[in-house]
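Listed here are the chains, written in short residue letters.
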Amino acid sequence: MIYLDNAATTKICDRAVHAMEPYLNEMYGNPSGIYNFSKVSKEMVERTRATIASAIHAKPENIFFTSGGTESDNWVLENAARYGRHIITSEIEHHAILNKCENLSKRGMDISYVGTDRMGFVNPYELESHIRKDTALISIMFANNEIGTIQPIKEIGRIAGRRKILFHTDAVQAFGHVPINVHEMNIDMLSASSHKFHGPKGVGFLYIRNPENVESLIFGGGQEKGRRAGTENVAGIVGMGAAVEEAMENLNQRMEREIELRNYLINRVLREIPYVKLNGHMSKRLPGNANFTIAGIDGTSLVILMDNDGICVSAGSACSAGDDSPSHVIRAIGIPDQYIYGTIRLTLCADNTREEIDYTIHRLKENVMQMRSM
């Protein structure tokens, strides 16, 4: 199998697996206990908190563990009503943001959806024009999960700071793949999910600059300083910490390798398959992301043909799998209706090889030719 759907999920790294094992069978103490057996679990939870904080240039007390990106996003948006009646987001956000905004809209919140250009970039100055006196929150994703475009986060953060509005970014696709500095970028809240950077599924975190101003989403016990109730997923948190350590240790080298492979893939596809468009910016995109719209084919059918060849790619976001409607991201960047269903996404990691990419391109060309002939 050649796996090229790393935006959907990544393979858990060996370092994370080995770190988790003792906390699955031997060190099973509840971190809330006061005896030494539980203190071991508590110490590892706090060690991971410090590791994550260091990765984004934050303080450990600003990191809160969650079940993943969706919970983190929902937590932020649910709190927005405390500060005003208006939220600004973009048309190409993940459904964890869009569907929660729709829910809030039914409950009386006003939502402004900022469009993008054909590369998928939000214009910070257009975004600023939507700000109102009752704007509670700006939520713009760090990098798009489908087309890979990296947003001008620092500029948006500067605007939010100047206008004294909270700024949240969904960094689920970006954390562990590109450098992030929450202070330099003036990010007030940031969501991330472990399984997107070679950690275990079912665990993530939310960075909150000022946690004293944020209400809990889940009520119960006093875990996470009373902000997020429920016994901690110790093994998952420890595994996430190990994955963060590995990601940060060789971030620049891994980015260089992924960019080299990605550009090789993109250039060959654009050169060797006619009537293909690259979606998103050529360089200001996630290192491993390549998203194409191919005329004369159906993306879902192409995914099945590639799967028959032992190659895993996708027709869009994994969270939208089984949905027959066109991708809201691809529609937002202006792909014409007659081509919109012919979109596929290939997302690689540093473990992929040039040989795998060569075989993928070979099968892609053959399958596209077969589909067009039909």
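Residues numbered from 1 in each chain as written. Predicted model: local features only at pLDDT ≥ 70, side-chain atom pairs only at ≥ 80, totals over all residues. Heavy atoms only, no water.

Chemist: Hey, could you go over the overall build of the protein chain for me, with residue numbers and the actual values?
Modeler: Regarding its fold elements, the protein chain presents 11 helices and 12 strands. Its C-alpha radius of gyration of 21 Å places the protein chain within 12% of the 21 Å reference for a compact globule of 374 residues. Summarising its shape, the C-alpha atoms of the protein chain cover approximately 70 × 55 × 35 Å along the three principal directions. When burial is assessed residue by residue, the protein chain has 56% of its 374 residues classed as buried. (Helix = DSSP H or I, 4+ residues; strand = E, 2+ residues; numbered from the N terminus. Rg over C-alpha atoms; globule rule 2.2 N^0.38 Å. Buried < 20%, exposed > 50% of the residue type's maximum accessible area, 1.4 Å probe, protein only.)

Chemist: So, helix α8 (residues 251-272): which residues are in play, and what are the values?
Modeler: The terminal C-alpha atoms of α8 lie 31 Å apart, and with 22 residues this matches the ideal 32 Å at 1.5 Å per residue to within 8%. Among the residues of α8, Leu251, Arg254, Met255, Glu258, Leu261, Arg262, Leu265, Ile266, Arg268 and Val269 are the ones counted as buried. In this structure, the buried side of α8 is in contact with α7 (234-249), β9 (276-278), β10 (289-294), β12 (343-347) and α11 (354-373). (Expected span 1.5 Å × (residues − 1). Contact = heavy atoms within 4.5 Å.)

Chemist: Explain the state of the cysteines to me, using residue names and the numbers behind them.
Modeler: Enumeration over the complete set of coordinates arrives at zero disulfides. As a non-bridged cysteine, Cys13 has Cys349 as the owner of its nearest cysteine sulfur, 11 Å distant. The buried category is assigned to Cys13, whose relative accessible area is 9%. (Disulfide = S-S within 2.5 Å.)

Chemist: Tell me about the nonpolar core, and name the residues and values.
Modeler: Ranked by internal contacts, the top residues of the largest apolar core, which has 53 residues, are Ile138, Ile180 and Phe205. Those elements that provide at least two residues to this core are α1 (14-25), α2 (36-55), β2 (63-66), α6 (153-162), β7 (189-193), β8 (204-208), α7 and α8. The greatest single-element share of this core, amounting to eight residues, is contributed by α7. In terms of nonpolar packing, the next biggest core, distinct from the first, is built from 26 residues, Val276, Val313, Ile344 and Leu364 among them. (Core = buried A, V, L, I, M, F, W, Y, C linked by side-chain atoms within 4.5 Å.)

Chemist: Give me the lowdown on the sheet that holds β9, citing residues and values where you can.
Modeler: Strand order in the open sheet made by the three strands is β9-β10-β12, with antiparallel pairing throughout. Strand pairing shows two members of the sheet lacking a second neighbour, β9 and β12, which therefore form its edges. Between one strand and the next, the sheet's axes are offset by a mean angle of 25°, whatever the strand orientation. With five bridges connecting them, β10 and β12 associate as antiparallel partners. For Asn291, the partnering residue across the bridge sits in β12 and is Arg345. (Pairing = 2+ DSSP bridges. Axes fitted to C-alpha atoms, helices over the stretch in contact; angles between N-to-C directions.)

Chemist: I'd like to hear about unusual backbone geometry, residue by residue, with values.
Modeler: The backbone of His198 shows a phi angle near 70°, a positive value even though the residue is not glycine. Mapped onto the secondary structure, His198 falls in the loop between β7 and β8.

Chemist: Requested: an account of helix α9 (residues 299-308), with residues and values cited.
Modeler: Helical geometry: 3.6 residues make up each α-helical turn, so side chains three or four residues apart lie on a common side. All of the buried residues in α9 are Gly299, Leu302, Val303 and Met306. Viewed end-on, α9 has its buried residues packed into an arc of 105°, placing them on one side of the element. The inward-facing, buried residues of α9 abut β10, β11 (311-312), β12 and α11. Looking one or two residues past α9, Gly310 carries a phi angle of roughly 85°, positive in sign. (Arc of directions from axis to C-beta.)

Chemist: Residue-level account of the sheet that holds strand β4 (residues 110-114), with values.
Modeler: As summarised here, the arrangement of the seven strands in space is β2-β8-β7-β6-β5-β3-β4, forming an open sheet in which the pairing is mixed. Each having just a single partner strand, β2 and β4 make up the two edges of the open sheet. On average, each strand axis in the sheet is inclined to that of its neighbour by 20°, with strand direction left out of account. Judged from the three bridges that link them, strand β3 (residues 86-90) and strand β5 (residues 135-139) form a sheet pairing that is parallel. Looking across to β5, one finds that Ile87 is bridged to Leu137.

Chemist: Provide a residue-level description of the packing of α9 against α11, including the pertinent values.
Modeler: Two measures define how a pair of helices packs: the angle their axes make with one another and the distance between the axes. One can describe the packing of α9 onto α11 by two numbers: an axis separation of 10 Å at closest approach and a directional angle of 130°. Taken together, α9 and α11 sit at an angle that is classed as oblique. Every pair of crossing elements has a handedness; the one defined by α9 and α11 is right-handed. Listed contacts from α11 to Ser301, Leu302, Leu305 and Met306 of α9 are Thr360, Arg363, Leu364, Asn367, Val368 and Met371. Residue composition of the contact of α9 with α11, grouped by class: six nonpolar, three polar and one charged. (Parallel < 35°, antiparallel > 145°, perpendicular 65-115°, else oblique. Left-handed = near helix turned anticlockwise from the far one by under 90°. Nonpolar A, V, L, I, M, F, W, Y, C, P; charged D, E, K, R; others polar.)

Chemist: Give me the pattern of salt bridges: which residues, what numbers.
Modeler: Summed over all chains, the structure comprises 26 salt bridges. Among the ionic pairs, Asp110 bridges to Arg85, the shortest N-O distance being 3.5 Å. Here the residue Asp110 occupies a position in strand β4, and Arg85 occupies one in the loop between α3 (69-79) and β3, the gap between them amounting to 25 residues. Members of the salt-bridge network, linked through shared partners, are Arg268, Arg271, Glu272, Asp358 and Lys365. (Salt bridge = Lys/Arg side-chain N within 4 Å of Asp/Glu carboxyl O.)

Chemist: Report on the pairing of strand β6 (residues 166-170), specifying residues and quantitative values.
Modeler: Counting buried residues along β6, four of its five residues qualify, which places the element largely inside the surrounding structure. Relative to β6, β5 runs parallel, the two being bridged by three bridges. Looking across to β6, one finds that Ile138 is bridged to Phe167. Each parallel crossover has a hand, and for β5 linked through α6 to β6 it is right-handed. Examined bridge by bridge, β6 and β7 share three bridges and lie parallel to one another. Of the residues in β7, the one forming a bridge with Thr169 is Leu190. (Right-handed = clockwise from strand over helix to strand, strands pointing away.)

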